[in-house]
Amino acid sequence: MSTAAREAIDHAATPWLFGVAAITTAPHFLHQPGWLSAFAGLILLWGTWLWQGDRRLPGRWVLFLLVALGCAGILLEFHSLFGRDAGVAMLVMFMAMKLLELKSRRDAMVIVTLGFFLLLTHYFYAQGITTGLWLLGSLWLITAALIRLHGGPASPLRATLRYAASLVAQALPFMLLLYLLFPRISGPLWGLPQDAHAGKTGLSEQMAPGAIAQLVQSGDIAFRVRFDGPLPARDKLYWRGPVMENFDGQTWRQSPGRLAAEQIEALSLPVTYETTLEASEQRWLLTLDAPTGLPPETALNGRLTAYARQAISQRQRFRFAASLDFRFNVRESTGVLERNRALPAGLNPQTRALAVDWRNSGKTPAAIVNQALTLFAGRDFAYTLQPPLLGRNGIDDFLFRSKRGFCEHYAAAFVVLMRSAGIPARVVGGYQGGERNPLDGYLVIRQSDAHAWAEVWLDGRGWVRVDPTAVVAPARLENGIGDVLAAGEPLPAVLQLRSDMLRNLRYRWEALNNAWNQQILGYDSQSQRDLLSRLGLADTGWQNLAVLLAASCSLALAALAAWTMYNRPRHDPATRLWHKALRHLTRRQVNWAPWETPLTIAQRVRLEQPALGEAFDRVVEAYLQTRYAGATDNLKTLRAAVAHLP
């Protein structure tokens, strides 16, 4: 069945819909399976080919088969049709498929509506400046497509884009009011599916050989820090994460349970700082050793690791105080000491024998620590992100054969040596160092700053930090990992920028992003209360916010309506009479389209409503004479012709 002229899409409007589909789905190609991106891209090309040749659209069975194939692929890929990733994949597929059945204005409106909905889904994956600008541009294009659909071929390209830009600009005050006054909540506006935070990279709660070396190859920012005073020395910047005490021969893990409260003896004045953590889906908070001041709803777990009540699923800010020189648990429980001497039986016999020799030689624990560090410094140990694979006795393989490894290899080998010698020791995961951005003063800590070190318990001194990596590669602590590794190591691109110009550009971009994160994305309930307090509004309950928001939007709407009325186009009497005649045709169920010329419509009326044709011809003639022949006296004739339409 053919589509009614009023409901049909004119040929030149279709590319606008292709543009809507492309711009709203393109960013998803960065994180969706390659086959799905290729599937959607091929369908878009197919639809373009059909449109160019004005060819017939595929039948329903073809569409049904394509939908079935797409759903089956998504089900195999994600093992579900629901959830964040699978749901977004379904939307992308439906958007592409809809291009193959573009026949009526209803189909076009489905694509436009789907485009608006797809804009929301991009915030599941990124909320940065580039995402915001892309979505604003997409909003502009979708609005222009709407104008083009309703304006018909008479809508010039520039005028359509300019009109769409003015509509988006009129929406900006309402966006700003909603952003500032809508009651802020601590969580997302709606519950995200279980896989919403999947794919987060960062420090893990366990450590196996190669785990940190793989993480270091990422240049993503883990967190930012702003100190209230001067930046501490770089070798003091140990950002503490999970403490791993259990070892099965291959992997280090945390010991479950919480220990007694720490006994911290501060030996220096505290430094205070604010840290902005990226989402990690972990509860630990990455603090400087040793934390002496914590924000509300956080606590230490007995091993100096700070924990939040809930996992960090979105960017959050915390304020801490720390003493950089300290003693920690000078008196330790027997159970903790025994746990940190334990080793799996039957593994790494060479390492055990070496440590036992040290102990039997009468060396003190402190002397054994120095002996181990001398071992790392005196032999041909290399610091690399690409160590060879290790066998079942991994520590033996590393110490006596490969001698090539990253920080987790050195920390693990050191702890096994200490435990073999009867000295309590454990592995600490976290980050070390960071790079100060001179433009905003923030210290930026990336995943490439991930680090592992050791702690030993010495009588009279408590737990003491020992970093074997500092012996093997001292420049790692002084200058960062970028100056330590040899050429050809898989460093992240951000660390390979040696040009001052590129480095400065990176500083500017990261400072801009940080300002966006702190001021825009970090606008929380406390920021809202502070803003309203400065405006003289002390009571910021949600009821008052709702009233203030409604009043502000009403005022803005009234101002916009007044401006629109003042600038509204003035139709001449001939145009008003012509529109009245067209409404009459609609009531008589004449199939006309808004972009059709008067003569075309007259021809259509003669074919579809012969009884009406002669009367409408008089209307058309009078209208054309009035509008284009300058015969203003025909206005009475036009009015009379319209009045006499049967």
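Preceding this paragraph is the structure being described.
In short, a report on the structure. It should be emphasised that the depicted structure is a prediction, and the values quoted were computed from it without experimental measurement. (Residues numbered from 1 in each chain as written. Predicted model: local features only at pLDDT ≥ 70, side-chain atom pairs only at ≥ 80, totals over all residues. Heavy atoms only, no water.)

Attention shifts here to the packing of aromatic side chains. Tallied over the full model, the rule gives 19 aromatic pairs. Ring centres of W239 and Y273 lie 5.7 Å apart, and the angle between their planes is 80°; this geometry places the pair in the edge-to-face category. Placement of the pair is W239 in strand 3 (residues 238-247) and Y273 in strand 6 (residues 271-277), with a sequence separation of 34 residues. One exposure class covers both W239 and Y273, and it is buried. Arranged with centres 6.1 Å apart and planes meeting at 70°, the rings of F381 and Y410 form a pair that is edge-to-face. (Phe/Tyr/Trp six-rings, centres within 6.5 Å; stacked < 30°, edge-to-face > 60°. Helix = DSSP H or I, 4+ residues; strand = E, 2+ residues; numbered from the N terminus. Buried < 20%, exposed > 50% of the residue type's maximum accessible area, 1.4 Å probe, protein only.)

Here strand 3 lies mainly inside the structure; nine of its 10 residues are buried. As paired strands, strand 3 and strand 15 (residues 425-432) are joined by five bridges and run antiparallel to one another. Considered in strand 15, the bridge of Y238 is made with Q432. Bridge count between strand 3 and strand 7 (residues 287-288): two bridges; the pairing is antiparallel. In the sheet register, R240 faces strand 7, and the bridge partner there is T287. The sheet contact formed by strand 3 and strand 4 (residues 252-254) spans three bridges and is antiparallel. Note that in strand 4 the partner of M244 across the bridge is Q254. (Pairing = 2+ DSSP bridges.)

Glancing now at a positive patch on the surface. Together, R576, K580, R583, R587, K636 and R639 make up a region of like positive charge exposed at the surface. Looking at the positive patch, the elements with two or more residues in it are helix 19 (573-587) and helix 22 (634-643). At four residues, the largest contribution of residues to the positive patch is made by helix 19. Along the polypeptide, R587 turns up in helix 19. Judged by relative accessible area, which is 60%, R587 ranks as exposed. (Patch = residues over 30% accessible without salt bridge, like charges linked within 9 Å, V, L, I, M, F, W, Y side chains within 5 Å. Areas by Shrake-Rupley, 256 points an atom, 1.4 Å probe, with all protein chains shown as cover. Salt bridge = Lys/Arg side-chain N within 4 Å of Asp/Glu carboxyl O. Lys, Arg positive; Asp, Glu negative; His and termini not counted. Charge placed at Lys NZ, Arg CZ, Asp CG, Glu CD.)

Attention now moves to the sheet that holds strand 6. Ordered by their spatial adjacency, six strands build an open sheet running 8-11-6-2-17-16, and the pairing between neighbours is antiparallel. Whereas interior strands pair on both sides, the edge strands pair on one side only; in this sheet they are strand 8 (291-293) and strand 16 (435-436). Packed onto the sheet, helix 16 (residues 500-521) meets strand 2 (221-227), strand 6, strand 11 (316-322), strand 16 and strand 17 (443-446) and runs at close to 80° relative to strand 2. (Contact = heavy atoms within 4.5 Å. Axes fitted to C-alpha atoms, helices over the stretch in contact; angles between N-to-C directions.)

Bringing a nonpolar patch on the surface into the picture now. Judged by side-chain polarity, W46, W49 and V62 come together as a nonpolar surface patch covering roughly 280 Å² of accessible area. Structurally, W46 can be placed in helix 2 (residues 34-52). According to the relative accessible area criterion, W46 is partly exposed, its value standing at 31%.

Tracing the chain through its elements places T24 in helix 1 (residues 14-25). Among the polar contacts listed, one links the side chain of T24 to the backbone oxygen of V20, at a separation of 2.7 Å. Look past the residues within four positions of T24 in its chain and what remains in contact with it is M95, G115, L118, L119, H122 and I142. (Polar contact = N/O pair within 3.5 Å; in protein donor to acceptor, adjacent residues only side chain to side chain.)

Pairs of packed helices are described in terms of their axes, by the angle between the two and the distance that separates them. Contact geometry for helix 6 (residues 129-151) and helix 7 (residues 157-181): axes closest at 8 Å, N-to-C directions at 125°. Viewed along their axes, helix 6 and helix 7 adopt a mutual orientation that is oblique. The crossing of helix 6 and helix 7 is right-handed. Across the interface between the two elements, L136, L139, W140, T143, A144, I147 and R148 of helix 6 pack against T160, L161, Y163, A164, A165, L167, V168 and M175 of helix 7. (Parallel < 35°, antiparallel > 145°, perpendicular 65-115°, else oblique. Left-handed = near helix turned anticlockwise from the far one by under 90°.)

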